[in-house]
Amino acid sequence: MAAAAAVTAAPPYGHVIGHEKWRDSALIQHIKGAGVKVVFEKELGVVDFLLPNRSSVLYVSECDIIAGNSYKRKLVRFRNANGSGVQALALAERTRLSEQYFSSLQKFVVFDLGLTLLPVSGQPEASQLISQMVLSEGRDNPFRKRSVARLYEPQLLLLLQQIPGVGGVKASALLHSFSSLQEICSARLPQLEPLVGQASAQHILSFLHNHLV
Amino acid sequence: TSTTVCILVDSRCISSSADLMSDLRQHHSVNVHVCSLDGSYFVLSNRTAAERHSQSELASMQNRKRLVERVNSLQGLFERVCFIVEKDRTKPGEVGRLFQRTRYFDSTLASLVHAGVRLLWSDGAQDSARLLADLAQLEQRKGQAIAVPLEVRGQHRQQALQFYLALPGVGYVHALHMCHNFISVAQFINSTIEAIQKGGVMSRSRAEEVYRCIRYSCDSFLLNTSTAKKKS
């Protein structure tokens, strides 16, 4: 229970919560060197590190991978320890020795467990990656989808031009008079003809109403 | 063990991923269907797309703007976006240069992961083909396989397909479903959100956006500025 509580308590910005067992590791020395503060915690359970952005890290060493199956149990426990809303990351040492197992490791971690796998060559690389994850939290993420209130005018103008015989001028004329796509769709020939001409009005009506199936 | 899966491939991949495509066909018995997408990526299911990137592409600052555009555009069209990160190819005889993992590369990885992009690691084209086939099969087991007829016959249907593709958030697979599920374009335009969701085999939020666009009342001033912007 204590482990579960610790998992949900995310560290403050610029901090990492690390499992007590990592206290004297090279990884921690490098993270500190990069300006990230580390707090140690005994009750993290299977989790190795907690990052500020609701991410939780399990470190899979070269040794774990080569020694065989026990790391798989650890990974499953790691997945189960992280509730929804927590990003579970597995950092795995991809070295000359563990290389041959990497493909099956990836299959297990990503396809079977649905976790994120990030290969590192060893603790120094892992510390750089963890530091960047902590520090990038304060910056704007350009890859994150922003939902903005959209204005559809440009899109509707282009959409109408997909109708045969309708170019920019006619598309604009249609939207000026009918305002929405749905209203254009319910228009009849006498309403369309004065706007776009007889031939185009016919094209529009058959495009909208002729059966496709 | 499972039935043939289908993967849609953008026509640009014919030159960039020729070996990978033949590998998919020959060794993974995938039905590879070439079509014209809005970027060189692979569609693996109703909701998943994958794109290949080399490590050095992700590590290059000059590439940042393009990468952001790619991610934003794919996330606009798919619920799940995968990046297959490939080791850089070395020419025969060339000694493989060791990839220098920079802070910039790691910060890019961190941002991609936080934005929900799924990363897969590949040694090269063969490995990527296997990953694509595995992903498509996984999606099939989850009931998300592309199961719509891929051929769009006749001029009117082709035109309707292009029309559907011009809707916000509608990708190629949604548009194919719409071509086959709506009797006419008018029937689609007069549909409820539920009917759009069902007919386009898309998420609720996607169907809501399409619905909003159909009923959106244009502002004359904004129409004029959009037209003016296009002319200039």
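We now turn to the structure provided with this report. (Residues numbered from 1 in each chain as written. Chains lettered and ligands numbered in written order. Predicted model: local features only at pLDDT ≥ 70, side-chain atom pairs only at ≥ 80, totals over all residues. Heavy atoms only, no water.)

What follows covers the environment of Val5(B). All names here are of chain B. Among the structural elements, Val5 can be located in the segment before strand 1 (6-10). The spatial distance from the C-alpha of Val5 to the C-alpha of Val71 is 25 Å, given a sequence separation of 66 residues. Other than its neighbours up to four places away in sequence, Val5 contacts Val30, Asn31, Ala136, Gln137 and Gln140. (Helix = DSSP H or I, 4+ residues; strand = E, 2+ residues; numbered from the N terminus. Contact = heavy atoms within 4.5 Å.)

Moving on to the packing of helix 6 (residues 123-136) of chain A against helix 5 (residues 103-114) of chain B. Direction vectors running N to C along helix 6 of chain A and helix 5 of chain B enclose 55°, while the axes themselves pass 8 Å from each other. Between helix 6 of chain A and helix 5 of chain B, the interaxial angle falls into the category oblique. The hand of the helix 6 of chain A/helix 5 of chain B crossing is right-handed. Residues Glu125(A), Gln128(A), Leu129(A), Gln132(A), Met133(A) and Ser136(A) of helix 6 of chain A lie in contact with helix 5 of chain B, whose contacting residues are Arg103(B), Asp106(B), Ser107(B), Leu109(B), Ala110(B), Val113(B) and His114(B). Taken together, the residues of the contact of helix 6 of chain A with helix 5 of chain B break down into 5 nonpolar, 5 polar and 3 charged. (Axes fitted to C-alpha atoms, helices over the stretch in contact; angles between N-to-C directions. Parallel < 35°, antiparallel > 145°, perpendicular 65-115°, else oblique. Left-handed = near helix turned anticlockwise from the far one by under 90°. Nonpolar A, V, L, I, M, F, W, Y, C, P; charged D, E, K, R; others polar.)

This brings us to the pairing of strand 5 (residues 80-86) of chain B. Residues and elements named next belong to chain B. Most of strand 5 sits out of view: 6 of its 7 residues are buried. Across 7 bridges, strand 4 (residues 48-54) lies against strand 5 in parallel orientation. By the bridge assignment, Arg52 is partnered in strand 5 with Ile84. Across 5 bridges, strand 5 lies against strand 6 (residues 118-122) in parallel orientation. Across the sheet, Phe83 pairs through a bridge with Leu119, a residue of strand 6. (Buried < 20%, exposed > 50% of the residue type's maximum accessible area, 1.4 Å probe, protein only. Pairing = 2+ DSSP bridges.)

Turning next to the interface of chain B and chain A. Opposite the 65 residues of chain B that make contact, chain A presents 60 residues. Both faces combined, the contact of chain B with chain A buries some 5800 Å², and carbon together with sulfur accounts for 61% of it. Summed over the three residues of chain B that lose the most area to chain A, namely Arg101(B), His114(B) and Trp121(B), the buried surface amounts to 13% of that side. Joining chain B to chain A, the criterion identifies 4 salt bridges. Among the salt bridges present, the one from Asp123(B) reaches Arg94(A), with a minimum N-O distance of 2.8 Å. Between the two partners, chain B and chain A, sit 29 residue pairs in polar contact (both at pLDDT 80 or more). Per-class residue counts for the side of chain B that touches chain A are 32 nonpolar, 19 polar and 14 charged. (Buried area = accessible area lost by both parts, 1.4 Å probe. Salt bridge = Lys/Arg side-chain N within 4 Å of Asp/Glu carboxyl O. Polar contact = N/O pair within 3.5 Å; in protein donor to acceptor, adjacent residues only side chain to side chain.)

The subject of this paragraph is helix 5 of chain B. Residues and elements named next belong to chain B. Taking 1.5 Å as the rise per residue, helix 5 with 12 residues should run 16 Å; its terminal C-alpha atoms sit 16 Å apart, in good agreement. Counting buried positions along helix 5 gives 11 out of 12 residues, so the element sits mostly inside the fold. Taken as a whole, helix 5 has its buried residues at Tyr104, Phe105, Asp106, Ser107, Thr108, Leu109, Ala110, Ser111, Leu112, Val113 and His114. (Expected span 1.5 Å × (residues − 1).)

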